[in-house]
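Coordinate inspection notes
Below are the chains, spelled out letter by letter.
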Amino acid sequence: MEPMSEHPIELGPLPQCWKRRHLLGLEDLTAEELTAVLDKADLFKQALVAGTRRVPLLSGITNCNLFFENSTRTRTSFSLAARRLGADSIDFSASTSSLSKGETVIDTAKNIEAMGADVMVVRHRTPGTPHLLAQNLDCCVINAGDGPHEHPTQGLLDILTIRQRRGTLQGLTVALVGDIAHSRTARSNIWGLKTLGAHVIVCGPSTLVSPRWKELDVEFSYSLDDILPRVDVLNLLRIQFERQHDRPFPSVREYAHLYAMNRDRLARAKDDILILAPGPINRGVEVTPDVADGPQSAILEQVTNGVAVRMAVLWLVTSVLRAAPVGS
Ligand code: CP
């Protein structure tokens, strides 16, 4: 086990452009704001990779992970990020809470805030839940996934991973492939990537990719094989069986035949194609194990970047809270 190290890191000043107490989505973030988060996340990543385990910038702050849906990566990395920053972090478990006695989501959140939470990281199956809480609470609210709407920190960590590998987003062609219809990651990626100058293609079966997505100023395609030769980055979105009422394709085998990233497709892609997946992945459905674990894949690097991104977001939103405490 590594000894715990504690270093001050040179983060530089708080970015002038950052005025947000909440992070609810990437739709309305400017290029300057997105770049500010990515730049700070890069610095936190460098410190973590160098072995720093504590950057105690948020001691005295309390973070609560208010998750009404399951999570492995997002909840764990928010907990770790908060603790790395010296904050307290607590996890709320919906299944053992008083929601079962009829307490509302707003009352639940208000009660946790009354215990001293400064930050509420919220995941809920209903789009707009974090926005509703932001209107009703004084603490910072971070959207950790609201139904199929947005997952801003996932979008940020995907974009950070691309930027670290490629240096820029400008001019890259990024394809989001799979269950576009149910994907909150798709929307956050589209808004963040386009603001930073990437060309975005959404691709999947017609039952999961509607031409209406063109309204978001993206290209759309039903054929991975058609678009593959010109793609720089593939982000493979999980088929979200749990959100589907009817099976959107005849069989998983047929889906995999048309859309799974496998060795044959890799041979027809650009040599330096970058493979991403937000996780969890269905091995053999969206991606075969050899590709998921191969050299073009940055899937676990995304997860590592998730801690750094969440440290940056926690530091930025609470900086606004610290500058103007509620009631001041
Ligand atoms: N990518 C992602 O949000 O994973 P979890 O559902 O495990 O948090």
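None of these values were measured; they are calculated from a predicted model. (Residues numbered from 1 in each chain as written. Predicted model: local features only at pLDDT ≥ 70, side-chain atom pairs only at ≥ 80, totals over all residues. Heavy atoms only, no water.)

1. Regarding the packing of helix α5 (residues 152-166) against helix α6 (residues 184-195)
Where α5 meets α6, the closest approach of the two axes is 8 Å, and the angle between their N-to-C directions is 55°. Comparing their axes, α6 and α5 come out oblique. In the packing of α5 onto α6, the handedness of the crossing is right-handed. Counted together, Pro152, Gln154, Gly155, Asp158, Ile159 and Ile162 of α5 and Thr185, Ser188, Asn189, Gly192 and Leu193 of α6 form the full contact between these two elements. (Axes fitted to C-alpha atoms, helices over the stretch in contact; angles between N-to-C directions. Helix = DSSP H or I, 4+ residues; strand = E, 2+ residues; numbered from the N terminus. Parallel < 35°, antiparallel > 145°, perpendicular 65-115°, else oblique. Left-handed = near helix turned anticlockwise from the far one by under 90°. Contact = heavy atoms within 4.5 Å.)

2. Observations concerning the site of the ligand
Taken together, the neighbourhood of the ligand is formed by Ser71, Thr72, Arg73, Thr74, Arg123, His151, Gln154, Pro278 and Gly279. At 2.7 Å from an oxygen atom of the ligand is found a main-chain nitrogen or oxygen belonging to Thr72. Thr74 places a side-chain nitrogen or oxygen 2.6 Å from an oxygen atom of the ligand. Protein coverage of the free-state accessible area of the ligand, which is 250 Å², stands at 90%. Here the shell around the ligand is composed, by residue class, of one nonpolar, six polar and two charged. (Near = heavy atom within 4 Å. Polar contact = N/O pair within 3.5 Å; in protein donor to acceptor, adjacent residues only side chain to side chain. Areas by Shrake-Rupley, 256 points an atom, 1.4 Å probe, with all protein chains shown as cover. Nonpolar A, V, L, I, M, F, W, Y, C, P; charged D, E, K, R; others polar.)

3. A look at the packing of helix α1 (residues 31-49) against α5
Look at α1 against α5: their axes get within 10 Å of each other, and the N-to-C directions meet at 70°. Classified by the angle between their axes, α1 and α5 sit roughly perpendicular to one another. Taking contact as the criterion, the partners of Leu34, Thr35, Val37, Leu38, Asp39, Ala41, Asp42 and Lys45 in α1 are, on α5, Leu156, Ile159, Leu160, Arg163 and Gln164. The residue makeup of the contact of α1 with α5, split by class, is seven nonpolar, two polar and four charged.

4. Details of the nonpolar core
Grouped together as the largest cluster of nonpolar side chains are 64 residues, with contacts concentrated most on Phe44, Ile142, Leu156, Ile162, Leu176, Val202 and Leu314. Top contributing element to this core by residue count: helix α11 (residues 299-323), with twelve residues. Residues contacting Leu314, with those up to four places away along its chain left out, are Leu58, Asn63, Phe78, Ala81, Ala82, Leu85, Val119 and Ile142. Formed by 26 residues, the second largest nonpolar core is a distinct cluster that contains Val177, Leu224, Val231 and Val291. (Core = buried A, V, L, I, M, F, W, Y, C linked by side-chain atoms within 4.5 Å. Buried < 20%, exposed > 50% of the residue type's maximum accessible area, 1.4 Å probe, protein only.)

5. As for unusual backbone geometry
Of the consecutive residues Gly279 and Pro280, the connecting peptide bond is found in the cis state with omega at 0°. If you trace the backbone, Pro280 turns up in the loop between β11 (274-276) and α10 (289-292). Even without glycine at this site, Asp217 takes up a positive phi of about 60°. If you trace the backbone, Asp217 turns up in the loop between β8 (199-203) and β9 (219-221).

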